[in-house]
Amino acid sequence: MHQTFDAALEMNLLHANQAGADHNREHFDEWGITCLNVMSSPGAGKTSLLEATLSALQSELAIAVIEGDMTTELDADRLRRCGVPVVAINTGRSCHLDARMVSGGIHQLKALVDPQTIDLVVVENVGNLVCPAEFEVGEHAKVALLSVTEGEDKPLKYPVMFREADCLLITKTDLAPYLEVDLDRIMANVRQINPEVAIFPVSAKTGEGLADWLNWVRQATGRSIQPATTQPGDRGDRVATLATV
Ligand SMILES: Nc1nc2c(ncn2[C@@H]2O[C@H](COP(=O)(O)OP(=O)(O)OP(=O)(O)O)[C@@H](O)[C@H]2O)c(=O)[nH]1
Ligand SMILES: [Mg+2]
Ligand SMILES: [Zn+2]
Ligand SMILES: [Zn+2]
């Protein structure tokens, strides 16, 4: 009985969250913004990846960040130093962002910048390998990170995030030579859970593998072919392209 009650409660919660996520998504689509939800366990390298991504793509894309952390603005401050608009959301006791919190973030972002001028909003979720993947925030795609130090078995033990991901980065590959870790086994375990996901081994420290990830981001924003000739008014096409990423 207890289990049935909990399941019903969770369904209601996720259902209500989905309505909020749909609302956020309408805002993003209306403004021609592509939104990526970046998720991983604590310390897998989300902020480091975003620092590298912002410095590489800032000249061709207008990027803003919604930064989710339980208590501090440490990550928000790191990304502000990259020179982009950043909204910090403190989730308090919640170990994930939900659609309502991101809605608050979107409305704060509007106070910082005209959303019509933004191409890409990156949401850095709270470090947690489990529930962020269950709470849609209105994103067009989910990006999951798994660092080489976490163990090859994690996709099998924590399948939800890996099943939901549209793109999976295996991070900190510069450390692989110092560990007993088999990258091929990590990839095989990820494929077992999600055969379709795009997988990119990367090191934010050395830059290894980042080019393929950056191209995936360009593609996600509908700017994969010739970024320099993309029409500024071409919003609808961009969203349509993303659906196929
Ligand atoms: N060697 C190495 N270290 C890295 C790399 N990327 C991140 N790190 C280190 O890993 C630690 C955590 O990195 P963050 O980018 O803060 O990770 P995060 O996922 O944003 O962490 P939370 O937001 O707290 O969940 C830091 O000490 C980084 O310097 C990498 O590619 N190689
Ligand atoms: Mg971080
Ligand atoms: Zn609204
Ligand atoms: Zn949670």
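Residues numbered from 1 in each chain as written. Chains lettered and ligands numbered in written order. Predicted model: local features only at pLDDT ≥ 70, side-chain atom pairs only at ≥ 80, totals over all residues.

The protein chain appears in an unreviewed UniProt entry as Hydrogenase nickel incorporation protein HypB from Limnothrix redekei LRLZ20PSL1.

Q: Mind showing me how you'd approach the site of ligand 1 here?
A: In the vicinity of ligand 1 there are 17 residues, among which Gly-45, Lys-46, Thr-47, Ser-48 and Gly-127 approach most closely. Taken together, the residues of the shell around ligand 1 break down into four nonpolar, eight polar and five charged. (Near = placed C-beta within 6 Å. Nonpolar A, V, L, I, M, F, W, Y, C, P; charged D, E, K, R; others polar.)

Q: Just to check I follow, could you spell out the environment of Pro-155 for this structure?
A: With respect to the element layout, Pro-155 can be found in helix H5 (residues 154-157). Judged by the 27 C-beta atoms lying within 10 Å of it, Pro-155 falls in the buried class. Distance from Pro-155 to Met-187, taken between C-alpha atoms, is 9.1 Å for residues 32 residues apart in sequence. Setting aside residues up to four positions removed in sequence, Pro-155 forms contacts with Phe-162, Asn-189, Val-190 and Ile-193. (Helix = DSSP H or I, 4+ residues; strand = E, 2+ residues; numbered from the N terminus. Buried ≥ 20, exposed ≤ 12 C-beta atoms within 10 Å, placed from the backbone. Contact = placed C-beta atoms within 7 Å.)

Q: What should I look at first to understand unusual backbone geometry in this one?
A: The residue Lys-172 is not glycine, and still its phi comes out positive at about 60°. On the secondary structure map, Lys-172 appears in the loop between strand E6 (167-171) and helix H7 (183-193).

Q: Help me understand the packing of helix H2 (residues 46-57) against helix H8 (residues 210-220), please; the structure alone is not making it clear to me.
A: When two helices pack together, their arrangement is given by the angle between the helix axes and by the axis-to-axis distance. For the pair H2 and H8, the least separation of the axes is 11 Å and the interaxial angle reads 70°. As summarised for this structure, H2 and H8 are arranged roughly perpendicular, according to the angle between their axes. Judged by the sense of rotation from one axis to the other, the crossing of H2 with H8 is right-handed. Packed against H2, whose contacting residues are Ala-52, Thr-53, Ala-56 and Leu-57, the element H8 presents Leu-210, Leu-214 and Val-217 at the interface. (Axes fitted to C-alpha atoms, helices over the stretch in contact; angles between N-to-C directions. Parallel < 35°, antiparallel > 145°, perpendicular 65-115°, else oblique. Left-handed = near helix turned anticlockwise from the far one by under 90°.)

Q: In this structure, what is going on with the sheet that holds strand E1 (residues 34-39)? I would like to understand it.
A: By definition, the strands of a sheet pair up through backbone hydrogen bonds, in either a parallel or an antiparallel sense. Pairing is parallel across the open sheet formed by seven strands, whose spatial order is E3-E2-E4-E1-E5-E6-E7. One side of each edge strand has no neighbouring strand; the edge strands of this open sheet are strand E3 (86-90) and strand E7 (198-201). Strand-to-strand twist across the sheet, computed as the mean angle between neighbouring axes with direction ignored, equals 20°. Pairing between E6 and E7: four bridges, direction parallel. In the strand pairing of E7, Leu-168 is matched with Ile-199. Its contacts with the sheet place helix H4 (residues 99-112) against strand E2 (63-69), E3 and strand E4 (120-124), and it is angled at close to 150° to E3. (Pairing = 2+ DSSP bridges.)

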